[in-house]
Amino acid sequence: MYRLDTIDLNKPAPADEPMRQYYFIKKARSYVQKESEKLGRPLTSAVITFGCQMNARDSEKLSGILREIGYVETKNEDADFVIYNTCTIRENANLRVYGRLGVLHGYKKKNPHMKIALCGCMMQETEVVEKLQKSYRFVDLIFGTHNIFKFAELLTEAFEADRMVIDVWKDTDKIVEELPVERKYPFKSGVNIMFGCNNFCSYCIVPYVRGRERSREPGDILREIKELADNGVKEVMLLGQNVNSYGKNLENPIAFAELLRMAEKIKGIERIRFMTSHPKDLSDELIQVMAESQKICRHLHLPLQSGSTRLLKIMNRKYTKEQYLELTEKVRTAIPDIALTTDIIVGFPGETEEDFQETLEVVRKVRYDSAFTFIYSKRTGTLAAGMDNQIPENVVKDRFDRLLKEVQDISRRMAERFTGTDQQVLVEEPDSQMEGYLTGRLSNNHVVHFRGDVSLIGCLVNVHLDECRGFYYMGRLVN
Ligand code: 5AD
Ligand code: SF4
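Residues numbered from 1 in each chain as written. Chains lettered and ligands numbered in written order. Predicted model: local features only at pLDDT ≥ 70, side-chain atom pairs only at ≥ 80, totals over all residues. Heavy atoms only, no water.

## So, the sheet that holds strand S3 (residues 81–86)
And step 1. Strand order across the open sheet formed by six strands is S2-S1-S3-S4-S5-S6, with parallel pairing between neighbours. Since the sheet does not close on itself, it has two edges, and those belong to strand S2 (72–73) and strand S6 (165–167), each with one partner.
And step 2. Direction of pairing for S3 relative to strand S4 (residues 115–120): parallel, over a ladder of six bridges. In the sheet register, Phe81 faces S4, and the bridge partner there is Lys115. (Pairing = 2+ DSSP bridges. Helix = DSSP H or I, 4+ residues; strand = E, 2+ residues; numbered from the N terminus.)

## Points about the site of ligand 2
And step 1. Around ligand 2, the structure places Cys197, Asn199, Phe200, Cys201, Tyr203, Cys204, Val206, Pro207, Gln241, His278 and Arg317.
And step 2. Taken together, the residues of the shell around ligand 2 break down into seven nonpolar, three polar and one charged. (Near = heavy atom within 4 Å. Nonpolar A, V, L, I, M, F, W, Y, C, P; charged D, E, K, R; others polar.)

## A few points about the pairing of strand S17 (residues 447–451)
And step 1. Here S17 lies mainly inside the structure; four of its five residues are buried.
And step 2. Bridge count between strand S16 (residues 437–442) and S17: five bridges; the pairing is antiparallel. Bridge assignment links Tyr437 to a residue of S17, and that residue is Arg451.
And step 3. The hairpin turn running from S16 into S17, its antiparallel successor, is four residues long, and Asn445 in that turn takes a positive phi close to 80°.
And step 4. Sheet analysis places S17 next to strand S19 (residues 472–478), joined by four bridges and oriented parallel. (Buried < 20%, exposed > 50% of the residue type's maximum accessible area, 1.4 Å probe, protein only.)

## Here's the deal with the sheet that holds strand S11 (residues 271–275)
And step 1. Spatially, three strands are ordered S7-S10-S11 in an open sheet, and the strand pairing comes out parallel. Pairing within the sheet leaves two strands with one partner each, and these edge strands are strand S7 (188–192) and S11. Adjacent strand axes in the sheet meet at a mean angle of 25°, parallel and antiparallel pairs treated alike.
And step 2. Summarising the sheet, strand S10 (residues 235–239) and S11 pair through five bridges and their orientation is parallel. Across the sheet, Leu238 pairs through a bridge with Phe274, a residue of S11.
And step 3. Contacts between helix H7 (residues 218–230) and the sheet are confined to S7 and S10, with S7 contributing the most and set at about 170° to the helix. (Axes fitted to C-alpha atoms, helices over the stretch in contact; angles between N-to-C directions. Contact = heavy atoms within 4.5 Å.)

## Digging into the side chain of Arg57
And step 1. Along the chain, Arg57 falls in helix H2 (residues 53–69).
And step 2. Of the polar contacts made by the side chain of Arg57, one reaches the backbone oxygen of Gly190; its length is 3.0 Å.
And step 3. Look past the residues within four positions of Arg57 in its chain and what remains in contact with it is Val181, Arg183, Ser189, Gly190, Val191, Asn192, Glu224 and Leu239. (Polar contact = N/O pair within 3.5 Å; in protein donor to acceptor, adjacent residues only side chain to side chain.)

## Notes on the pattern of salt bridges
And step 1. All told, the structure shown has 43 salt bridges when counted by the stated rule.
And step 2. In this structure, Lys188 and Glu428 form a salt bridge, with 2.9 Å as the shortest nitrogen-oxygen distance. Of the two residues, Lys188 is situated in strand S7 and Glu428 in strand S15 (residues 422–430); the sequence distance between them amounts to 240 residues.
And step 3. Within the structure, one salt-bridge network assembled from shared partners comprises Arg57, Glu60, Glu177, Arg216 and Glu224. (Salt bridge = Lys/Arg side-chain N within 4 Å of Asp/Glu carboxyl O.)

## A look at the packing of aromatic side chains
And step 1. What the rule picks out here adds up to 15 aromatic pairs.
And step 2. Their ring planes at 35° and their centres at 5.7 Å tell us that Tyr71 and Phe81 sit as a pair that is tilted. One end of the pair, Tyr71, is in the loop between H2 and S2; the other, Phe81, is in strand S3, with 10 residues separating them in the sequence.
And step 3. Through pairs of rings, three or more aromatic residues link up here, namely Tyr71, Phe81, Phe143 and Phe151.
And step 4. One cation-aromatic arrangement involves Arg90 over Phe374; the distance from NZ or CZ to the ring centre is 3.8 Å.
And step 5. Its end group placed over the ring of Tyr98, Lys131 keeps NZ or CZ at 4.0 Å from the ring centre. (Phe/Tyr/Trp six-rings, centres within 6.5 Å; stacked < 30°, edge-to-face > 60°. Lys NZ or Arg CZ within 6 Å of the ring centre and 35° of its normal.)

Nothing here speaks to function; it is all geometry.
Structural data, given as structure tokens:
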């Protein structure tokens, strides 16, 4: 962290990052202070996150900067500053944001000095920003995924300007290190290892809104993990759209498996997770590192998308049904207690009943511990959006229901295999349903509820799994 008291606001802002942002943190802080004196109370801020783990981590960075600027964080959306960190992976993600903006407008009418900001993937789409400019004039600040590091500077501009401030970059090769972050949990944290995606799966908007693949330097990543460990973090989740291709484009290339080996040596870190793996890049070396590791969690998320080799080709996934099955077989043989999870899309353009049956076949063969199932959503700008054989809604819905039933039946049966065992659990929070109970997570990412004292939150404990209730366990503490 940089010291704000050494920054002179009478001088122009420094050009270098991250110093420049610390300058603007101090400047924005003076505006917040003034306003708060005028109102006779502290100013509040709310960061609302849509979408994936990547966005969740970005939101922690936004919260960290807001804290430094002097806002008091709240969950209520009638705060003095509200920012939506948006997702655009499927159309309904966008619709939700428009709906909620209407509610925010109501709050702003009651509290005219309220500021509303939007950032994240949805803002990378030109049509979205045009629509906001036209019909949502009450929004104060809009920025995208590539310049989130500039948040303090943009917020200062929003304080100074009497208009909508918009700054969306098309792409970047820049990674700014060492900005403040506010972690949601003191004992676990996400760590970005790479940004963007180069795969261009034909249905997916991510490469367009998150840009090209950029890996962080291993030294920066390891330093961050070490600092987290020094601050009491026990579990890290390494984040990237395609972690298996981590490090390939660095000046000194390094494999993801190698990064894991180094991360594992960091004292204090007890658990390592990662997300997401692309089947086409999952190496034997990675499987071996996972099998040998005491710290890498027994969980692999391996998106299938479709079981039909024909469709996989049109999706540009670069693996066949047989290769995928072989890979999961290899993983299960090397790490028998691993939980395998996946993402599946139904209703991709041209999907026939035969294609769908092949997806069901893979689901039955792999026996996923859990699966996220999605109805295909047409995203403007992607290759698939231009395909003319879109599937009728009723057919998609019928396939979706059949898939969901299959997936749920299998995961229920898979979860049973751990009933009666003792498992190491990271205690995460008080149980939201039952007084005196805690909620924790197993290495394989399953959730367990058990009686215990809140002082155990953040600790690793042993829990006997008494009963499996479909998607979670009831257990009891053991020594
Ligand atoms: N429609 C439906 N699902 C999608 N996903 C990505 N793009 C789309 C889309 N256009 C799903 C994929 C991916 C997950 C994060 O979201 O299954 O793995
Ligand atoms: Fe999208 Fe494919 Fe990249 Fe995943 S790997 S983010 S599905 S383009």
